[in-house]
Amino acid sequence: MLELQGLQRIWCLAKFELVRLFMTKRGALALAAFVTVWLFILYYAIGSAVEYVSSKTTQTIGYTLLSAEGMDKLLNWPVAELIVYWVLAMYSFPMFSLIASSDQTCTDRTRGTLRFISLRVTRAEILLGRFLGQVLILAVLIAVTLIATLSIAAYRDPSLLLVGMGEAFYVYKNILIAVLPFIALTSFFNSFTRSSRLVVIVTLLFFTIIPLIIAFIEYKLGMNTYLSYILPGGQISDVINQKELFMSNYVVPVMQMCGYLFLGHIVMKRSSL
Amino acid sequence: MSTLIKVSGLNKFFGDKHALNNVDFEIVKGPPVALVGPNGAGKTTLFSVLCGYLQPSSGQVGIFDAKPGTKATFGRLAALPQDAQLDPSFTIAHQLSFYGQLQGLSKRKSKMEVERTLELVGLSDVLKEKPEALSHGMRKRVTIAQALIGSPDIVMLDEATAGLDPLHAREIRQLVASLSDEITFILSSHDLNELERLCQQVLYLDKGQLQQHKTLANDIDHGYITLRMERKEDEIITALKSIEQVIDVVNSQDREYLISVRHKQDEIPLDIQILQLCHQKKWAYRQLINGKTLENQLF
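Residues numbered from 1 in each chain as written. Chains lettered and ligands numbered in written order. Predicted model: local features only at pLDDT ≥ 70, side-chain atom pairs only at ≥ 80, totals over all residues. Heavy atoms only, no water.

What to know about the overall build of chain B
Part 1: The helix and strand inventory of chain B stands at nine helices and 13 strands.
Part 2: When its C-alpha atoms are laid out on the principal axes, chain B stretches across 65 × 45 × 35 Å.
Part 3: A burial count over chain B gives 51% of its 299 residues as buried.
Part 4: In chain B, 67% of the contacts between residues at least 6 apart in sequence involve partners at least 24 apart.
Part 5: Only carbon and sulfur atoms are counted for the fraction: they give 47% of the accessible area of chain B, which is about 14,300 Å². (Helix = DSSP H or I, 4+ residues; strand = E, 2+ residues; numbered from the N terminus. Buried < 20%, exposed > 50% of the residue type's maximum accessible area, 1.4 Å probe, protein only. Contact = heavy atoms within 4.5 Å. Areas by Shrake-Rupley, 256 points an atom, 1.4 Å probe, with all protein chains shown as cover.)

See the structure below:
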C-alpha cells in the first residue's frame, strides 16, 4: 500500500513537470525555441533528405558518406527522411536533454520550494519524480519531431506512412533509451548544485575532463580499463550503425541511468534543503 | 497524553560551530509550544532538523516515533519554513492543490482544501494569482495556508507573524488559537507577548543549548504578580511593600514591577489590594498580570 502511494507521489511530481513545460510562460518559451530549431532541421535537412538518399544522381554521394561512417545499413530503410532524422536525432537529443533537464531540483532547493515538497514526499521520490518528469518531456518532444518527420515523408508519398511505422517505432525506442543516462546524469548534478547554469558548467567539465583522465589512466596502465562506460553516449555510434548489440542499445544506457540515479540518491539523502 | 516529538542528545555541527548542543525535550499533544531564543541560538536549525531538512550530527529525533522526513510524518507534520518561497511560475491554487495531491488527497478534495485553508488565512481571492503578484505578508499567509492542508497533527511556524501588519498578525494568532484544540503548534518568534498569549510550554534555546523547558501555566501559582503602570510613580515600590502579602518588589522594566507574593487564605486577594492601592493613590495602571511575563521568566 505504501509502495503504491510512493508511486502515486512520483507520478504526481512527474506530471507537475509536464505542466511546467506546457502551461507556464517559461516552458512555452523553451518550447518555442525547440520548435523553431526543429522547423529548420525538418525543412532543410530532413525535407531535402530524399534527394541525397534516393535520387540516382546523389545516391552515390549519400552511399559513400554513410558507408564511410559505417551506416550503409540505413540505406535499406524505405523512408529517406527517417534516415536523416535517425542520425540527427540520435546525436542532438542527448545533448539537448542535458540542457533541457538541467533544472530538476536545484532552483527549487535554492528558492526553498523543496522544503514544502519534502514534507510530503521522500527525497528519493523527489529525485525519481523529477527524473521521470524530464523523461516524459523528452518522450513527448521526440514523438512530436518524429511525427513531423513522418508527415513530411507522407506528404511526399502517402504510402510511406505505413511502411515507415516499424522504423519509426525502432527510432523512437532507441532515442528515448539513449537520452535516459543523460537525464540521470543531470539528476545527479542537480543533487549538489544550486543553479541550472552551474549544472550546465559541471556537465561541460564532466564531458571534457573525465575522458582526458580516463585516457591518461589507460595510457599509464597500458590497458583498456572500461572506465569509459561511465560516460553517457559512448555507445551511440554503435546504436546508429545498427550493430544491434543488446549491450550498446539497452544494457549500457540503462546501467548508466541506474548508476547516476543511485549516486544522486546518495547525495540528495545527505544534503541540506 | 501522546508524545508527538521526542528529541534526545541532539547535536548539530556546521564545521566548528556547535549549532545544537545536546538538546533533549519532548512535546506532547496539546496547546501551542513556543521556541524562543536570541538570534543564532539554533531555533531555525532545530526547526530544520525536526522537519528533516537537515540531518543531525548525532542524537535521536523521533516524530511520531519515526525519523523526520519519512513516510510516517507525511501529511501529519506541516511547517512554515523561514524564507521558503513558492514557485513563481504557478498560481497559488495550482501549487497548493499539488501539495494536497502529494499528501494523497484527490484532485477534487485538494481543491476544496486549498479553498478552505486560504479562507482561514483571509486570502480566498488570490486563488488565481501567482506568488509574485502578492505582497510579502500575503505570501507568508499563503505559506501558512499550505501548512494547514489536510489534517496535520503538528504545525511548525517559524517566525509566522514577522513582516505581517498588526491586523493580519492578530488574525494569524487568532487562527492558531482557534485550531490549537486539533493541532499542536510549535511557534518560533521574537515577539514574546505573542508567544505568551498563545503558548503554554516554552523551549528556550541559547547558543545551541536548551536552557529552559517549562510550562507557563505553573508560574501563576509560583507567587508573582506583574504590574505595569501608565506613568512612573515615585512611591510605588514602598507602597506595594507595605502590603502584608508582598514579599518583594522589583522594578523589572520601565514602569513595570514584579511583585513576589505570599499567599494567605483568609485575606483579601493581593490583586484586589493592589487595585485598591492604585485607586486610593489615583495612580493609573496599564496592566495587572497574574504571574511573571514570559520576558521576565526568560531573561
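A few points about the nonpolar core
Across soluble globular proteins, nonpolar side chains have a tendency to be buried as a group.
Part 1: Counting residues in hydrophobic clusters, the biggest one holds 139 residues, and the most contacted among them are Tyr85(A), Trp86(A), Phe93(A), Ile5(B) and Leu118(B).
Part 2: Among the elements that make up this core, the one with the highest residue count is helix 10 (residues 165-190) of chain A (14 residues).
Part 3: Beyond its immediate stretch of four places on either side in the chain, Tyr85(A) contacts Trp38(A), Ile46(A), Met90(A), Phe93(A), Ile142(A), Thr145(A), Leu146(A), Thr149(A), Val171(A) and Ile175(A). (Core = buried A, V, L, I, M, F, W, Y, C linked by side-chain atoms within 4.5 Å.)

A word on empty space enclosed by the protein
All names here are of chain B.
Part 1: Overall, the coordinates contain five cavities of 30 Å³ or more when judged by the stated rule.
Part 2: For the largest cavity, the calculated volume is near 50 Å³.
Part 3: Forming the boundary of the largest cavity are Leu157, Ala160, Thr161, Ile172, Arg173, Val176, Leu187, Ser188, Ser189, Glu194 and Leu198.
Part 4: Listing elements by their share of the lining of the largest cavity, those giving two or more residues are helix 5 (166-179), strand 7 (184-188) and helix 6 (192-198).
Part 5: Residues belonging to the lining of the largest cavity are distributed by class as follows: six nonpolar, three polar and two charged. (1 Å grid on protein atoms, 1.4 Å probe; cavity = no way out; pocket = protein on both sides within 12 Å on 5 of 7 lines; lining within 4 Å. Points joined across faces, edges and corners; volume = space filled by probe spheres on them. Nonpolar A, V, L, I, M, F, W, Y, C, P; charged D, E, K, R; others polar.)

Considering unusual backbone geometry
All names here are of chain B.
Part 1: Even without being a glycine, Glu159 presents a positive backbone phi close to 55°.
Part 2: By the secondary structure assignment, Glu159 is in the loop between strand 6 (154-158) and helix 5.
Part 3: The class for Glu159 is buried, based on a relative accessible area of 9%.

A look at the sheet that holds strand 2 (residues 17-28) of chain B
Each strand in a sheet pairs with its neighbour through backbone hydrogen bonds, running either in the same direction (parallel) or in the opposite one (antiparallel).
Residues and elements named next belong to chain B.
Part 1: On the basis of which strands lie adjacent, the open sheet formed by three strands has the order 2-1-4 and antiparallel pairing. Two strands in the sheet have a free side with no partner beyond their single neighbour: strand 2 and strand 4 (58-63). Taken pair by pair, the neighbouring strands of this sheet meet at an average axis angle of 15°, ignoring direction.
Part 2: With five bridges joining them, strand 1 (residues 3-14) and strand 4 adopt antiparallel strand pairing. When the sheet's bridge partners are listed, Val7 is paired in strand 4 with Val61. (Pairing = 2+ DSSP bridges. Axes fitted to C-alpha atoms, helices over the stretch in contact; angles between N-to-C directions.)

Re the confidence of the model for chain A
Part 1: Of all residues in chain A, 90% attain a pLDDT of 70 or more, and the chain-wide mean is 87.
Part 2: Within chain A, the lowest mean pLDDT, 60, falls on helix 4 (residues 56-68) of chain A, and the highest, 95, falls on helix 7 (residues 113-118) of chain A. (pLDDT = per-residue confidence, 0-100.)

A closer look at the sheet that holds strand 10 (residues 224-229) of chain B
All names here are of chain B.
Part 1: If you trace the four strands from one edge of the open sheet to the other, you get 11-12-10-13, paired in antiparallel fashion. Of all the strands in the sheet, the pair left with one neighbour each is strand 11 (246-253) and strand 13 (285-290). With direction set aside, neighbouring strand axes in the sheet form an average angle of 20°.
Part 2: Note: strand 10 against strand 12 (residues 256-261), five bridges, orientation antiparallel.

Looking at the confidence of the model for chain B
Residue and element names in this part refer to chain B.
Part 1: Mean pLDDT for chain B: 89, with 96% of residues reaching 70 or above.
Part 2: The element-level mean pLDDT for chain B is lowest in strand 9 (residues 209-215), coming to 76, with helix 2 (residues 92-102) highest at 96.
Part 3: If you check the scores for this complex, the pTM reads 0.85 and the ipTM reads 0.84.

Quick notes on the packing of aromatic side chains
Residue and element names in this part refer to chain A.
Part 1: Under the counting rule described, the total for this entry stands at 22 aromatic pairs over all chains.
Part 2: Centroid distance Phe93 to Phe96: 6.2 Å. Interplanar angle 85°. Geometry classified as edge-to-face. Linking Phe93 with Phe96, this pair stays in helix 5 (residues 80-100), spanning three residues, or about one helical turn.
Part 3: By relative accessible area, which is 25% here, Phe96 ends up partly exposed.
Part 4: Summarising the aromatic geometry, the rings of Phe182 and Phe207 are spaced 6.1 Å apart at their centres and angled 15° between planes, so their arrangement reads as stacked. Taken together, the positions of Phe182 in helix 10 and Phe207 in helix 11 (residues 196-221) put the pair 25 residues apart, joining distant regions of the chain.
Part 5: Using a relative accessible area of 5% as the deciding quantity, one classes Phe182 as buried. (Phe/Tyr/Trp six-rings, centres within 6.5 Å; stacked < 30°, edge-to-face > 60°.)

Some details on helix 2 of chain B
Residues and elements named next belong to chain B.
Part 1: Counted residue by residue, helix 2 has nine buried out of eleven residues, so it is predominantly covered.
Part 2: Where helix 2 is concerned, the buried positions are Ile92, Ala93, Gln95, Leu96, Ser97, Phe98, Tyr99, Gly100 and Leu102.
Part 3: One or two positions beyond helix 2, positive phi appears at Gly104, with a value near 100°.

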